[in-house]
Amino acid sequence: MPTTTSARQVHPVDEVPPVRHLAAFGLQHVLAMYAGAVAVPLIVGSAMKLSPADMAYLITADLLLCGIATLIQCVGFWRFGVRLPIMQGCTFAAVSPMVLIGTGGGGLPAIYGSVIVAGLAIILLAPVFGKLLRFFPPLVTGTVILIIGLSLLPVAGNWAAGGVGSPDFGEPKNVALAAFVLAVVLGVQRFAPAFLSRIAVLIGIAVGLAVAVPFDFTDFGGVGDADWLGISTPFHFGAPTFEASAIASMLVVALVTMTETTGDFIAVGEMTGRKVEPRPLADGLRADGLSTVLGGVFNTFPYTAYAQNVGLVGMTRVRSRWVVAVAGGILVLLGLLPKLGAVVAAIPAPVLGGAGLVMFGTVAASGLRTLAQVDFKGNDNLTVVAVSVAVGMLPVGVPTVYEKFPDWFQTVMNSGISAGCLTAIVLNLLFNHLPGKGGSAASEADGLAGGGSEDAVEKSREEVV
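Nothing here was measured: the structure is a model prediction, and the numbers come from that model.

S.K.: Got a minute to help me understand the overall build of the protein in this structure?
M.R.: Along the protein, the regular secondary structure elements total 20 helices and 2 strands. When burial is assessed residue by residue, the protein has 55% of its 465 residues classed as buried. Pairs at least 24 apart in sequence give 82% of the contacts found in the protein among residues at least 6 apart. Of the roughly 19,300 Å² of accessible surface on the protein, 67% is carried by carbon and sulfur atoms.

Structural data, given as structure tokens:
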């Protein structure tokens, strides 16, 4: 009898689904993040004009470390890992600084030296960030989650059109395939039995791939050329070098990724019903730092939580972290078996685009759901949301808007997520934590709470610093 009671008390995040479901759920997460995971080594390697063999090495090393980083984050050990369904991958915030470091004479050793230092800095700063949760009421978290979803939608749009750089980008056949996949995902989610509806994205991708093959959307040529076994060894490209300028730019990236990751953790916490407290947040950021250090040692790059998988958690309502642990195991296999990785890489971009539209839209909708808790009457909360979303979407809509600014500024503000998050935090402090206008204590209290309940008002009063 006690065993049954204990089983009922297990939080959905800690539940282990049946083995027959784990592989399908886990593979779905891998397919959702694969294109983004391999994009960073492809961009950096291309900019540095690496040989095809070195490019392949970068990709397999990245997949291996993505899997290890994911396992650290969702399974956890000691004070490392947030223990939520979080997928890890290389951060895009580091791409521009790494390209500048690599092509500026430092090469890959200088990149990896700066990455190692940045990882150590994240580990040391994690407890500090953990204490900042008081500045993330529903007003801020809802805005950040909304910005995350809106920022990802152009990625899905580019995939649906054929993928950036594709010679047939924007062709009607690409958009038609993406629309077909989207229709399959929606149809399965609406009409299929419960288990199948939870793997609607996986089914949509599988059906889309089956349709894409006879219409020549796919190229499996890379599968035959790929090796069966690939093992990443430490410092494959030489011992790391530590250059002050490279380290400085990567430390800025570290602060940006910590901000973005905090937003992702809070979003997943909202979706899974396990609120992220200061200690788990610090543990999760500490895991990011450890993974980043390992990335510098094993020839990859800084790691962060992947927002695209946040949408998948919200859409499928599968909240178990063990599902994502299985996804991490699959990534480890892909990293050790390059031929399997080549098969997954052959999935055409429009297929991923159709699935991405509903996943990324789910993230944005989750932000709106959180904002529904906020009181917008008699205060300036609407202004906080409006300006934060505007600042966050500016670099997404106009990617060159900050190209004349210093590199450190671009690193922070070219990421719509970090720009919007920082703006939301600052504006919430400005309008809701400073003394109210005309001594209106009631209005001030409402703004501090970021919601409508008296309990939240009282709690917010106590949290003011």
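S.K.: Would you take a moment to explain the pattern of salt bridges for this structure?
M.R.: Oppositely charged side chains can form a pair if their charged atoms are brought close together. The tally for this structure, following the rule as stated, stands at 4 salt bridges. Residue Asp-14 is joined to Arg-274 by a salt bridge in which the shortest nitrogen-to-oxygen separation is 2.5 Å. Pair noted here: Asp-14 is in the loop between α1 (2-8) and α2 (19-47) and Arg-274 is in the loop between α10 (244-272) and α11 (278-297), with a separation of 260 residues, a long-range link. Taking relative accessible area as the criterion, Asp-14 reaches 24% and is therefore assigned partly exposed.

S.K.: Is there a simple way to explain unusual backbone geometry in this structure?
M.R.: What you tend to see is this: most non-glycine residues have negative phi, and most peptide bonds are trans. Of note, the phi angle at Arg-83 is positive, near 60 degrees, even though the residue is not glycine. Counting through the fold element by element, Arg-83 comes out in the loop between α3 (52-74) and β1 (88-90). For Arg-83, a relative accessible area of 23% corresponds to the partly exposed category. Of note in the backbone geometry, Phe-235 takes a positive phi value of approximately 55 degrees without being a glycine. Locating Phe-235 in the fold gives a position in the loop between α9 (221-225) and α10.

S.K.: What exactly am I supposed to notice about helix α6 (residues 172-191) here?
M.R.: Along its 20 residues, α6 runs 28 Å from first to last C-alpha, staying within 8% of the 28 Å computed at 1.5 Å per residue. Three or more residues of α6 are buried, namely Asn-174, Leu-177, Ala-178, Val-181, Val-184, Val-185 and Val-188. Looking straight down α6, one finds that the buried residues subtend no more than 115 degrees of arc, so they occupy a single side. Turned more than 90 degrees from where α6 packs its buried face, Pro-172, Arg-190 and Phe-191 sit exposed. Among the structural elements, α5 (138-160), α7 (194-198), α8 (200-212), α12 (307-316) and α15 (349-371) are those in contact with the buried residues of α6.

S.K.: Please explain the packing of aromatic side chains as it appears in this structure.
M.R.: Ring pairs (aromatic) are described by centroid distance and by the angle formed between their planes. One pass over the full model with this rule turns up 7 aromatic pairs. Each ring, one from Tyr-57 and one from Phe-237, has its centre 5.9 Å from the other, and the planes form 90 degrees; the classification is edge-to-face. With a gap of 180 residues between them, Tyr-57 in helix α3 and Phe-237 in the loop between α9 and α10 connect regions that are remote in the sequence. Taken individually, Tyr-57 and Phe-237 each receive the classification buried, so the pair is uniform in this respect. Relative to Phe-409, the ring of Phe-405 lies with its centre 4.7 Å away and its plane at 20 degrees, an arrangement referred to as stacked. Connected via pairs of aromatic rings, a cluster forms that spans Phe-77, Trp-78 and Phe-80.

S.K.: What's the story with the environment of Phe-217 in this structure? I'm lost.
M.R.: Turning to its location among the elements, Phe-217 is positioned in the loop between α8 and α9. Separated by 132 residues in sequence, Phe-217 and Ala-349 have C-alpha atoms that sit 9.0 Å apart.

S.K.: I would appreciate a short explanation of the side chain of Thr-262 in the present structure.
M.R.: Mapped onto the elements of the fold, Thr-262 is located in helix α10. The contact partners of Thr-262, leaving out residues within four places of it in the chain, are Phe-129, Phe-136, Leu-281 and Leu-285.

S.K.: How should α8 be read in this particular structure?
M.R.: Over its 13 residues, α8 extends 18 Å from the first C-alpha to the last, a length consistent with the 18 Å expected when each residue adds 1.5 Å. Inspection of α8 places Ala-200, Val-201, Leu-202, Gly-204, Ile-205, Gly-208 and Ala-212 among the buried residues, and these make up the whole buried set.

S.K.: Help me understand the packing of α10 against α12, please; the structure alone is not making it clear to me.
M.R.: At a closest axis distance of 10 Å, the pairing of α10 and α12 adopts a crossing angle of 5 degrees. Between α10 and α12, the interaxial angle falls into the category roughly parallel. Contact with α10, carried on its side by Asp-264, Ala-267, Val-268, Met-271 and Thr-272, involves Ala-307, Val-310, Val-313 and Gly-314 of α12 and no other residues of that element. Of the residues assigned to the contact of α10 with α12, the class counts are 6 nonpolar, 2 polar and 1 charged.

S.K.: Can you help me understand a nonpolar patch on the surface in this one?
M.R.: A contiguous nonpolar surface patch, about 230 Å² in accessible area, is contributed by Leu-125, Val-128 and Leu-255. Relative to the helices and strands, Leu-255 resides in helix α10.

S.K.: Explanation requested: the nonpolar core in the structure shown.
M.R.: Considering soluble globular proteins, one finds that nonpolar side chains tend to be buried as a cluster. Among the nonpolar cores identified, the biggest contains 115 residues, and Met-98, Ile-111 and Phe-301 are the most heavily contacted of them. Broken down by element, this core gets its largest block of residues, 13 residues, from helix α4 (residues 95-130). Leave out the neighbours within four places in its chain, and Ile-111 touches Val-44, Met-48, Met-98, Ile-101, Gly-102 and Phe-301. Within the second largest apolar cluster, 10 residues are counted, among which are Leu-139, Ile-147, Leu-371 and Val-374.

S.K.: How do you make sense of the packing of α5 against helix α16 (residues 381-397) when you look at a structure like this?
M.R.: A pair of packed helices is captured by two measures, namely the crossing angle of their axes and the spacing between those axes. As a packed pair, α5 and α16 sit with axes 10 Å apart at the nearest point and diverge in direction by 25 degrees. Our classification of the angle between α5 and α16 gives roughly parallel. α5 and α16 meet at a crossing whose hand is right-handed. Contact residues: Leu-139, Thr-143, Leu-146, Ile-147, Leu-150, Ser-151 and Pro-154 in α5; Asn-381, Val-384, Val-385, Ser-388, Val-389, Gly-392, Met-393 and Val-396 in α16. Among the residues forming the contact of α5 with α16, the class breakdown is 10 nonpolar, 5 polar and no charged.

S.K.: Which parts of the structure should I look at to understand the side chain of Gln-28?
M.R.: With respect to the secondary-structure elements, Gln-28 resides in helix α2. There is a polar contact of 3.5 Å between the side chain of Gln-28 and the backbone nitrogen of Ala-200. Not counting the four nearest positions on each side in its chain, Gln-28 is found in contact with Arg-198, Ile-199, Ala-200, Val-201, Leu-202, Leu-312 and Thr-316.

Scoring rules and cut-offs
Residues numbered from 1 in each chain as written. Predicted model: local features only at pLDDT ≥ 70, side-chain atom pairs only at ≥ 80, totals over all residues. Heavy atoms only, no water. Helix = DSSP H or I, 4+ residues; strand = E, 2+ residues; numbered from the N terminus. Buried < 20%, exposed > 50% of the residue type's maximum accessible area, 1.4 Å probe, protein only. Contact = heavy atoms within 4.5 Å. Areas by Shrake-Rupley, 256 points an atom, 1.4 Å probe, with all protein chains shown as cover. Salt bridge = Lys/Arg side-chain N within 4 Å of Asp/Glu carboxyl O. Expected span 1.5 Å × (residues − 1). Arc of directions from axis to C-beta. Phe/Tyr/Trp six-rings, centres within 6.5 Å; stacked < 30°, edge-to-face > 60°. Axes fitted to C-alpha atoms, helices over the stretch in contact; angles between N-to-C directions. Parallel < 35°, antiparallel > 145°, perpendicular 65-115°, else oblique. Nonpolar A, V, L, I, M, F, W, Y, C, P; charged D, E, K, R; others polar. Patch = residues over 30% accessible without salt bridge, like charges linked within 9 Å, V, L, I, M, F, W, Y side chains within 5 Å. Core = buried A, V, L, I, M, F, W, Y, C linked by side-chain atoms within 4.5 Å. Left-handed = near helix turned anticlockwise from the far one by under 90°. Polar contact = N/O pair within 3.5 Å; in protein donor to acceptor, adjacent residues only side chain to side chain.

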